[in-house]
Every structure is written in C-alpha cells, then in structure tokens.
Number of protein chains: 2
Amino acid sequence: MQDVQETAAWGDVEPEAAQRLLTAGVEAFAERGYHATTTRDIAGRAGMSPAALYIHFRTKEDLLFRISRVGHERARGIIAAAAESEGAAGERLARAVRAFARWHAEHHTTARVVQYELAALGEEHYAEIVALRRDIDRLLRGIIEDGVRDGEFAVADVPGTALAVLSLCVDVARWFSAAGSRSPDELGELYAGLVGRMVAAPGGRDAGSSSQK
Amino acid sequence: MQDVQETAAWGDVEPEAAQRLLTAGVEAFAERGYHATTTRDIAGRAGMSPAALYIHFRTKEDLLFRISRVGHERARGIIAAAAESEGAAGERLARAVRAFARWHAEHHTTARVVQYELAALGEEHYAEIVALRRDIDRLLRGIIEDGVRDGEFAVADVPGTALAVLSLCVDVARWFSAAGSRSPDELGELYAGLVGRMVAAPGGRDAGSSSQK
C-alpha cells in the first residue's frame, strides 16, 4: 500500500523504467520481505519482463542497494539542509526534526524497506550505506554541539542524544498510517517540540515551551 | 545472532520443545523474514522433524502469533509494573522507560520479529495483539496524565507524547547491537533522562536535570 508521495521518492531517477522498478521493488519487499521476493515478482509488478529488469539492475541485491542509497541520500539531504540553514541551534534542530519525521511519515513504506533490509546488502554496498548513516549522525550531532557551545542546550551525552533523536524520527515509518489521526506535518511539529525540550538548557528561552503552544 | 538473554524470553513456555521452536522461529524470521521461512526450516533449526512442530503449533502463522503474544505480554507486564509502582509520576515514568528500553535492547531480535511481522498475522490473531498494544499505550498514557494532574508534567498532547515515548524505546530493537558502546542498562538510564525532560513542567524539580547527572 503506497501512497502517492512514495512514488515521488524516485522522481529524479532516470530512466522512467528504472523508477517503475524501484517502486515495484519497494512494494514487493515491504509486502513479503527481501528474501521471499524474486526479480520476476518485481518485474511483473512493474509490467516488465525479468530480462528488462536486468538492463537496469544487475541483481535483486543491486536493486535493494539503489533503494537504500536513494533513501539515505534523501535523509542526509534533509539533515544537511537544516544543519546549514540560518538561525540558532534550536531553530535548526527543530527544522531537522520536523523535516526528518515528516519524511519518514510520507515515505513510510520506502523507509521500512531501507531500515529493515540492511542485513541483505552485500559487503561493499553495506559499507557505502554505513558511510551515509555516519554522515547523517555527524550532521545532527553538529547542531546539538553548536547549541551546547552557545549555552542554548544542556546535553550531557551528545552522541546518545543525537542517536535518540534520529531513532525517534526513523521509527515513525514503523507505525505511521495515512489513515491515522495525525498528518505528517502535525507529527513533525509535535516531534520538533518534544526534541526541543529534550535538549533545552534549564531556564533557556525554549525550555518547556515548545509543546505548550 | 541471538544472545543468551533472548532465549530466556521463553523461559516459562511449556513444554521445553515449544520453547526451542519459538527460539528457532525468532532466529529464522529475523534472518530471512516470515514469508521466506518454512516450518521445515524452523523444525530443522530446533533439531526436530516438521511433524513434531505441528504437535505444538498448528501453522507457521500460529508460531508467529505465539512469539508476538509472548513479546507483547512481556512489554505490557513491564509498563504495568511501572504504572502500579509507588512514587510520583516522574519516578514511575522513569521506571517504565528504563525497563522498556532495556527490554528492547536485551531482546532486540525477538522485538524486531514482533514489530516487523505484524502484517503476517491472521485477522483474529492481529486483533488480539492490537488489544495488547492498546493496553500498553493506555498504561503509559495513565502515568503521563497523573503527572499532568499533579503539576509535575506539562504536556499539551498526551496521546502523541505517549506514542513518541513508546516508539523511542521500541526502535532500540532496530539499531541495538550487543557489540555497541552502551549496555542495555546504560541505554535505559539515558532514555529515562531524555523522556523526563520531554514531559517535565518548566521549573519543576526534574526539569532539565535528568541528563545532567
């Protein structure tokens, strides 16, 4: 069950046939798991022959890797844009959390495949994905470190807190349903407020206020 | 890759052959996914014949359901014990988060199967698990509502905050590794502190102090 936004995740992958295969791969892996899915299943969903799939992807693992890489690159792009934006650390952290949580709500099917099938990647592909994950982690840690240095945040364990913030947003993909009571935007707002409280220095201007609006 | 504690999750399931099959089921589902696993695979891992499996579980789905039910009952037991314990809401919430996060670290393989294979459950079994999940949610919301009523917490969106707290702890199962830098106990402490800040009333005795120790 993919919603319209999920397809848009592959909007800049070329050619269009590769996009269709990535979408079909996400759907098939999400429904039955990577190991229970064949390249024939994926090609069939995309309305193509198995031979046509091999023009774009060498193996099923290669297709999973491309899904994972696009997903992780989007995630890094979101966190990088927030980290490099203007404003105090609190504003940049709120931007990062708002956009990262929203992305995991909108693209929950893709995000599930990306997160739960990591162990199926080959060694080299896995190493490439791990490098992207370290980047994402480093960018978010940087925002928190800025806030601590400026006295806006009080955080004793920066790596642990950064991990918790990312984990909170990623897990949205597990439970989010488009039929639920919160839109991706509302969820992003809620989470930005909760994370703001997690890091705010006592008595700081944002302390405790974010979710009281 | 299960660690010793994971096996202990089935310690009170009888007879011992059923325990072995549940452990084998968790391992097989975690490695290959539910749909790519056969009852023959599971029986083989447990050193038993496929016929012997059917003495204890009617179908592969029945075995998944038993894994899921035991997992959810443990989770509910943890949150219920904290909810019914002595002390202010802040102390009870810290106990709940500490134990819930620690459980998801110690039993990460089981928790992954329980959380990621829900869609494979049959309709009646799924309904039974959803009832357990609602109980867990209600118990945690109750602690937060107590804290708001007593003025210890300031939380505008109690259901959304309860969902975020549970989600934060559940996602530990996704990324936790016994080889990582934090023990389950250390992680439980970190998370109890972060959640305490998420809910504390401004100027309350716990506001902002929990992760400053």
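Only a predicted model underlies this, so the values are computations on that prediction, with no experimental measurement involved.

Undergrad: Is there a simple way to explain helix 6 (residues 89-106) of chain A in this structure?
TA: Two residues of an α-helix separated by three or four positions point the same way, owing to the 3.6 residues in each turn. With 18 residues, helix 6 of chain A extends 25 Å from end C-alpha to end C-alpha; this agrees with the ideal 26 Å at 1.5 Å per step. Burial of helix 6 of chain A is extensive: 13 of the 18 residues sit out of reach of the surface.

Undergrad: I'm lost on the interface of chain B and chain A in this one. Help?
TA: A common way to state how big an interface is: give the accessible area lost once the parts meet. With 34 residues of chain B in contact, the opposing surface of chain A contributes 34 residues. When chain B packs against chain A, the two sides together hide about 3000 Å² of surface, and 56% of this comes from carbon and sulfur. Taken together, the connections running from chain B to chain A amount to two salt bridges. Here Arg182 of chain A and Asp157 of chain B are joined by a salt bridge, their closest N and O atoms 3.2 Å apart. Our enumeration of links across chain B and chain A arrives at 18 residue pairs in polar contact (both at pLDDT 80 or more). Those elements giving two or more residues to the side of chain B that touches chain A turn out to be helix 2 (16-32), helix 7 (108-116), helix 9 (158-170), helix 10 (172-175) and helix 11 (184-199) of chain B. A total of eight residues in the side of chain B that touches chain A trace back to one element, the largest contributor, which is helix 9 of chain B. A class-by-class count of the residues in the side of chain B that touches chain A yields 18 nonpolar, eight polar and eight charged.

Undergrad: Explanation requested: the packing of helix 2 of chain B against helix 5 (residues 60-83) of chain B in the structure shown.
TA: A pair of packed helices is captured by two measures, namely the crossing angle of their axes and the spacing between those axes. Residue and element names in this part refer to chain B. Where helix 2 contacts helix 5, the axes come no closer than 10 Å and their chain directions differ by 95°. Considered as vectors, helix 2 and helix 5 are oriented roughly perpendicular to each other. Between helix 2 and helix 5, the contacting residues are Leu21, Leu22, Gly25, Val26 and Phe29 on the first element and Lys60, Leu63, Leu64, Arg66 and Ile67 on the second. Classifying every residue of the contact of helix 2 with helix 5 gives seven nonpolar, one polar and two charged.

Undergrad: Please explain the UniProt feature "DNA-binding region" (unreviewed entry) in chain A as it appears in this structure.
TA: Feature annotation in UniProt assigns "DNA-binding region" (unreviewed entry) to the following positions: residues 38-57 of chain A. Annotation note: span residues 38-57 of chain A, helix share 70%, strand share 0%, distance between end C-alpha atoms 13 Å.

Undergrad: What is the right way to read the packing of aromatic side chains from this model?
TA: Any two aromatic rings considered together are summarised by their centre-to-centre distance and by the angle between their planes. On inspection of all chains with the given rule, the structure shows five aromatic pairs over all chains. With a centroid separation of 6.3 Å and an interplanar angle of 50°, the aromatic rings of Trp175 of chain A and Phe176 of chain A are classed as tilted. Look at Trp175 of chain A and you get partly exposed, because its relative accessible area is 22%. If you follow Lys60 of chain B out to its NZ or CZ, it ends over the ring of Tyr34 of chain B, 4.2 Å from the centre.

Undergrad: Please clarify how the nonpolar core should be interpreted in this entry.
TA: What tends to happen in soluble globular proteins is that the nonpolar side chains get buried as a cluster. If you look at the biggest cluster of nonpolar residues, it comprises 86 residues, and the most contacted ones within it are Leu93, Leu140 and Tyr191 of chain A together with Leu93, Leu140 and Tyr191 of chain B. Excluding anything up to four places from it in sequence, Leu93 of chain A contacts Leu140, Ile143, Ile144, Phe153, Val195 and Val199 of chain A.

Undergrad: Is there a simple way to think about the environment of Arg20 of chain A in this case?
TA: Residues and elements named next belong to chain A. Position of Arg20 relative to the elements: it lies in helix 2 (residues 16-32). Since its relative accessible area comes to 35%, Arg20 is described here as partly exposed. It is 27 Å that separates the C-alpha atoms of Arg20 and Ile136, two residues lying 116 residues apart in sequence. Excluding residues that lie within four positions of it along the chain, Arg20 makes contacts with Ala46, Gly47 and Met48.

Undergrad: How do you make sense of the state of the cysteines when you look at a structure like this?
TA: Put plainly, two cysteines are in a disulfide when a covalent bond ties their sulfur atoms together. Scanning all chains against the criterion turns up zero disulfides over all chains. In this model Cys169 of chain A remains outside any disulfide bridge; the closest cysteine sulfur is found in Cys169 of chain B, 15 Å from its own. Assessed through its relative accessible area of 1%, Cys169 of chain A is described here as buried.

Undergrad: Sorry if this is basic, but what is going on with the packing of helix 6 of chain A against helix 9 (residues 158-170) of chain A here?
TA: Residue and element names in this part refer to chain A. As a packed pair, helix 6 and helix 9 sit with axes 8 Å apart at the nearest point and diverge in direction by 35°. Contacts between helix 6 and helix 9 involve Val97, Phe100, Ala101 and His104 from the first element and Val165, Leu166, Cys169 and Val170 from the second. Grouping the constituent residues of the contact of helix 6 with helix 9 by class yields seven nonpolar, one polar and no charged.

Undergrad: I would appreciate a short explanation of the pattern of salt bridges in the present structure.
TA: Opposite charge on two side chains permits them to pair, given that their charged atoms come into close proximity. Summed over the entire model, instances satisfying the criterion amount to 32 salt bridges over all chains. With its nearest N and O atoms 3.6 Å apart, the salt bridge here joins Arg69 of chain B to Glu128 of chain B. Of the two residues, Arg69 of chain B is situated in helix 5 and Glu128 of chain B in helix 8 (residues 123-149); the sequence distance between them amounts to 59 residues. You can call Arg69 of chain B partly exposed: its relative accessible area is 26%. A relative accessible area of 35% places Glu128 of chain B in the partly exposed class. The network of salt bridges with common partners includes Arg92, Asp146, Arg149 and Asp150 of chain A.

Procedures and definitions
- Residues numbered from 1 in each chain as written.
- Chains lettered and ligands numbered in written order.
- Predicted model: local features only at pLDDT ≥ 70, side-chain atom pairs only at ≥ 80, totals over all residues.
- Heavy atoms only, no water.
- Helix = DSSP H or I, 4+ residues; strand = E, 2+ residues; numbered from the N terminus.
- Expected span 1.5 Å × (residues − 1).
- Buried < 20%, exposed > 50% of the residue type's maximum accessible area, 1.4 Å probe, protein only.
- Contact = heavy atoms within 4.5 Å.
- Buried area = accessible area lost by both parts, 1.4 Å probe.
- Salt bridge = Lys/Arg side-chain N within 4 Å of Asp/Glu carboxyl O.
- Polar contact = N/O pair within 3.5 Å; in protein donor to acceptor, adjacent residues only side chain to side chain.
- Nonpolar A, V, L, I, M, F, W, Y, C, P; charged D, E, K, R; others polar.
- Axes fitted to C-alpha atoms, helices over the stretch in contact; angles between N-to-C directions.
- Parallel < 35°, antiparallel > 145°, perpendicular 65-115°, else oblique.
- UniProt positions renumbered as here; feature names shortened; annotations may be inferred.
- Phe/Tyr/Trp six-rings, centres within 6.5 Å; stacked < 30°, edge-to-face > 60°.
- Lys NZ or Arg CZ within 6 Å of the ring centre and 35° of its normal.
- Core = buried A, V, L, I, M, F, W, Y, C linked by side-chain atoms within 4.5 Å.
- Disulfide = S-S within 2.5 Å.

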